[in-house]
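Residue-level structural notes
Spelled out, the chains give:
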Amino acid sequence: MSKQLREAWESAPTDPDPLTDLEYEYEPLTHIHVEEGNESYIFLPEEDQHLADAEFMVADPDIVSRLDEER
């Protein structure tokens, strides 16, 4: 590992901010109820082009909540 790369790695935050540190963008999601009688949902990006295998979702724990508590 080069000295420059090692310094960048060592100075990187241990808990990076998705927007400022990683340059992720928030996108709206479509939710689909997947099981009758159960509170199971699947969340998908609205744009089909965001369904590629290389894409993933990062969710801040502060914005994730139980759906049954949101009624």
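Throughout what follows, the structure given in this document is the object of discussion.

**Digging into the overall build of the protein chain**
Along the backbone of the protein chain there are 1 helix and 2 strands. Along the protein chain, helices and strands appear, N-terminal first, in the series α-β-β. Counting across all 71 residues of the protein chain, residues that qualify as buried make up 1%. A total accessible area of about 6,800 Å² is found for the protein chain, and carbon and sulfur atoms account for 50% of it.

**Focus: the pattern of salt bridges**
Applying the stated criterion to the full structure yields 1 salt bridge. Lysine 3 is the salt-bridge partner of glutamate 7, the closest N and O atoms lying 4.0 Å from each other. Here lysine 3 and glutamate 7 lie together in helix H1 (residues 3–11), a separation of 4 residues that amounts to about one turn. Owing to a relative accessible area of 43%, glutamate 7 belongs among the partly exposed residues under this scheme.

**Things to note about unusual backbone geometry**
Of note, glutamate 23 is a non-glycine position whose phi angle comes to about 60°, a positive value. Residue position: glutamate 23 is located in the loop between H1 and strand E1 (29–35).

**Quick notes on a nonpolar patch on the surface**
A cluster of nonpolar residues, Met1, Leu5 and Trp9, forms a patch on the protein surface that exposes about 430 Å² of accessible area. Tracing the sequence through the fold places tryptophan 9 in helix H1. On the basis of relative accessibility, which here comes to 65%, the residue tryptophan 9 falls in the exposed class.

The rules behind each value
Numbers given to residues run from 1 along each chain, matching the order in which its sequence is written. Where totals are concerned, whole chains, interfaces and linings use all residues; where local detail is concerned, this predicted model gives features only for residues with pLDDT of at least 70, and gives and counts side-chain atom pairs only at 80 or more. Only hydrogens and water are set aside when side-chain values are computed; all heavy atoms of the structure are taken into account. Numbered from the N terminus, helices here are DSSP runs of H or I no shorter than four residues, and strands are runs of E no shorter than two. Any residue under 20% of the maximum accessible area for its type is buried, any over 50% is exposed, and the rest in between are partly exposed; the area is computed with a 1.4 Å probe on protein chains only. Surface accessibility in these figures is a Shrake-Rupley result with a 1.4 Å probe; residues are shielded only by whichever protein chains are displayed. We count a salt bridge whenever a side-chain nitrogen from Lys or Arg sits within 4 Å of a carboxyl oxygen from Asp or Glu. Patch construction takes residues with relative accessible area above 30% that form no salt bridge. Like charges are linked within 9 Å, and nonpolar side chains (Val, Leu, Ile, Met, Phe, Trp, Tyr) are linked within 5 Å.

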